[in-house]
Amino acid sequence: QVQLVESGGGLVQPGGSLRLSCAASGFTFSQYAMSWYRQAAGKARELVAAITGAGGSTSYADSVKGRFTISRDNAKNTVYLEMNSLKPEDSAVYYCNAVGTPQWGQGTQVTVSS
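Trainee: It is not clear to me how the pairing of strand S3 (residues 18-25) should be interpreted in this structure. Could you clarify?
Mentor: Strand residues, when the strand is regular, have side chains that alternate between the two faces of the sheet. With five bridges connecting them, strand S1 (residues 3-7) and S3 associate as antiparallel partners. Looking at the pairing, Val5 lines up with Ala23 of S3.

Trainee: I keep staring at the side chain of Thr101 and nothing clicks. Help me out?
Mentor: Its location among the elements puts Thr101 in the loop between strand S9 (92-98) and strand S10 (108-112). A polar contact of 2.6 Å, which involves the side chain of Thr101, links it to the backbone oxygen of Ala98.

Trainee: What is the right way to read the pattern of salt bridges from this model?
Mentor: Opposite charge on two side chains makes pairing possible when the charged atoms of those side chains draw close. Applying the stated rule across the entire model yields five salt bridges. Here Arg19 ties to Glu82 by a salt bridge, and the two come within 3.8 Å at their closest N and O atoms. Of the two residues, Arg19 sits in strand S3 while Glu82 sits in strand S8 (residues 78-83), which places them 63 residues apart along the sequence. Judged by relative accessible area, which is 29%, Glu82 ranks as partly exposed. For the salt bridge of Asp90 with Arg38, the shortest nitrogen-to-oxygen distance reads 2.9 Å. Within this pair, whereas Asp90 is found in the loop between S8 and S9, its partner Arg38 is found in strand S4 (residues 34-39), the two being separated by 52 residues in sequence. You'll find Asp90 and Arg38 in the same group, each marked buried.

Trainee: Where do I start with the nonpolar core in this structure?
Mentor: One broad trend across soluble globular proteins is that nonpolar side chains are buried collectively. Counting residues in each nonpolar core, the largest one holds 28 residues, and the members touching the most others are Trp36, Val79, Leu81, Met83 and Tyr94. Those residues within four positions of Tyr94 in sequence are excluded, and the remaining contacts are Glu6, Leu20, Trp36, Tyr37, Arg38, Val48, Phe68, Leu81, Met83, Gly107, Thr108 and Val110.

Trainee: How should unusual backbone geometry be read in this particular structure?
Mentor: Backbone geometry places Asn77, a non-glycine residue, at a positive phi of 50°. Counting through the fold element by element, Asn77 comes out in the loop between strand S7 (68-73) and S8. Residue Asn77 is classed as partly exposed on the basis of its relative accessible area of 25%. Phi is positive for Ser85, close to 50°, though the residue is something other than glycine. Relative to the helices and strands, Ser85 is located in the loop between S8 and S9.

Conventions used here
- Residues numbered from 1 in each chain as written.
- Predicted model: local features only at pLDDT ≥ 70, side-chain atom pairs only at ≥ 80, totals over all residues.
- Heavy atoms only, no water.
- Pairing = 2+ DSSP bridges.
- Helix = DSSP H or I, 4+ residues; strand = E, 2+ residues; numbered from the N terminus.
- Polar contact = N/O pair within 3.5 Å; in protein donor to acceptor, adjacent residues only side chain to side chain.
- Salt bridge = Lys/Arg side-chain N within 4 Å of Asp/Glu carboxyl O.
- Buried < 20%, exposed > 50% of the residue type's maximum accessible area, 1.4 Å probe, protein only.
- Core = buried A, V, L, I, M, F, W, Y, C linked by side-chain atoms within 4.5 Å.
- Contact = heavy atoms within 4.5 Å.

Here is the structure:
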């Protein structure tokens, strides 16, 4: 069965950086596009970034373009989200998802605050 385990969140000051990881198992990882979503308290879950199965194409929400980078290592069945120049409005629980599948991990909390 599909398993997704997110990690790497934490408390960081505005302007700081974090690198999130999502370890996947239970499916042929390289055959699926992967995405990162986030959900802030009291708000709907929103798409942050996505990457194709081979990693050749990426897309980003306008709010994170130029600050976040999605990447993947198919040998490790892991997708990453490098987050730079973090802002308080980036605070949320971050989730990864294999595009087209309903499974979600437990998420990892990111809090940007001074």
